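The chain contents come next:
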Amino acid sequence: MNMMRTAMLIAALTALFMAVGYLVGGQSGMLIALAFAAAMNVFSYWNADRMVLSMYGAREVDERTAPQYYGIVRDLAARAGLPMPKVYIIDSPQPNAFATGRNPQNAAVAASAGLLQTLSAEEVAGVMAHELAHVKNHDTLTMTITATIAGAVSMLANFAFFFGGHRDERSPFGAFGAIAAALLAPIAAMLVQMAVSRTREYSADRLGAQISGNPRALASALSKIAGSAAHVPNPAAEANPATAHLFIINPLSGQRMDNLFSTHPATENRIAALMELDRTQRSQPTASSARVGLPGGFGTRRTAAPAARRGPWG
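It should be emphasised that the depicted structure is a prediction, and the values quoted were computed from it without experimental measurement. (Residues numbered from 1 in each chain as written. Predicted model: local features only at pLDDT ≥ 70, side-chain atom pairs only at ≥ 80, totals over all residues. Heavy atoms only, no water.)

Undergrad: Report on helix α4 (residues 121-136), specifying residues and quantitative values.
TA: For α4, with 16 residues, the first-to-last C-alpha span of 22 Å sits near the 22 Å given by 1.5 Å per residue. The buried count for α4 comes to 15 of 16 residues, which makes it a mostly enclosed element. At the C-terminal side of α4, His138 shows a positive phi close to 60°. (Helix = DSSP H or I, 4+ residues; strand = E, 2+ residues; numbered from the N terminus. Expected span 1.5 Å × (residues − 1). Buried < 20%, exposed > 50% of the residue type's maximum accessible area, 1.4 Å probe, protein only.)

Given below as structure tokens:
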């Protein structure tokens, strides 16, 4: 159902982009908008992952430079049946993480230094399992395309506002069409983009909890990250707000309302869904997955991370 909803939302965003082109330049404007959207999507398909990682100054690590963190990602990828992604660390004090890449064979996961310092090993495993779930579901490509089209809609609407359709005989609605495109299109694009992000987060939470075998640890991680993100700034995210939906928790603010203007569902709702999944797994022990092994002797059987414990990363 979520996949169908996502496909419908992306289709709506593409139609919106073509509609703005039609309002501005008639049929020819619609065709130009379609061609422009296709070109942007091709560029995003091949280059978006490198662009995003560069925006955040992410540095690649391996088993020698970050053995515990790398080992957790390696074990989770094996459990998920995924190729080993590239692993990055972002030098940011805000605890957060994201995944990027056009497909599982070219994926990358990134965690901030703040996340590795704040969370326990079990919670880190839950977060990275969530990001690998995005990779497995091909969400990273979906969200990149969505962000690209939404940005293009806003750009086209600005073009209509500054240059106007009132002097373009090809525009069927003249000045009214240009004004409508300039005012309504960016808002509609934003709503669709954010709705796509929110539908995917619930699916990634559930699949991530199944990959790690520990829904409670992911729930605990979400609570800690949301609490810190509201108070610890992320300048790189503030400079690039179009990438906010890639993170496990909105890096721009600690939004708590589950509404159309939030890039993520309410953290409380996500935690409630994870705790319900944990209760279901406990009531059906034969159906629950074994928890991922944690490298470095951090243990695997803890049902919940201690409420106040510094992570094993430093």
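Undergrad: Can you lay out the pairing of strand β2 (residues 86-90) for me, pointing to particular residues and giving the numbers?
TA: Most of β2 sits out of view: four of its five residues are buried. Where strand β1 (residues 59-61) lies against β2, three bridges are found, and the strand directions are antiparallel. Considered in β2, the bridge of Val61 is made with Val87. The pairing of β2 with strand β4 (residues 108-112) spans five bridges and is classified as parallel. When the bridges of β4 are listed, Tyr88 appears paired with Ala110. (Pairing = 2+ DSSP bridges.)

Undergrad: Pulling in residues and values, what's your account of a nonpolar patch on the surface?
TA: On the surface, a cluster of nonpolar side chains totalling about 270 Å² of accessible area is made up of Phe43, Met51 and Met55. Along the polypeptide, Met51 turns up in helix α1 (residues 2-55). Exposure remark for Met51: the relative accessible area of 38% places this residue in the partly exposed category. (Patch = residues over 30% accessible without salt bridge, like charges linked within 9 Å, V, L, I, M, F, W, Y side chains within 5 Å. Areas by Shrake-Rupley, 256 points an atom, 1.4 Å probe, with all protein chains shown as cover. Salt bridge = Lys/Arg side-chain N within 4 Å of Asp/Glu carboxyl O.)

Undergrad: An account of the packing of helix α2 (residues 67-80) against α4 is requested, with residue identities and associated values reported.
TA: Here α2 crosses α4 at 45°, and the two axes come no closer than 9 Å. Put simply, α2 runs oblique to α4. Between α2 and α4 the crossing geometry is right-handed. Listed contacts from α4 to Tyr69, Ile72, Val73, Leu76, Ala77 and Ala80 of α2 are Ala121, Val124, Ala125, Met128, Ala129, Leu132 and Lys136. (Axes fitted to C-alpha atoms, helices over the stretch in contact; angles between N-to-C directions. Parallel < 35°, antiparallel > 145°, perpendicular 65-115°, else oblique. Left-handed = near helix turned anticlockwise from the far one by under 90°. Contact = heavy atoms within 4.5 Å.)

Undergrad: Quick one: what's the story with the side chain of His264, residue by residue and with numbers?
TA: Mapped onto the fold, His264 is located in the loop between α8 (235-239) and α9 (267-283). Look at His264 and you get buried, because its relative accessible area is 4%. Of the polar contacts made by the side chain of His264, one reaches the backbone oxygen of Phe247; its length is 2.5 Å. Ignoring sequence-local partners within four residues, the contact set of His264 consists of Arg198, Glu201, Ala244, His245, Phe247, Ile248, Ile249, Asn250 and Arg270. (Polar contact = N/O pair within 3.5 Å; in protein donor to acceptor, adjacent residues only side chain to side chain.)

Everything listed here is a matter of coordinates, which is why it stays silent on function.
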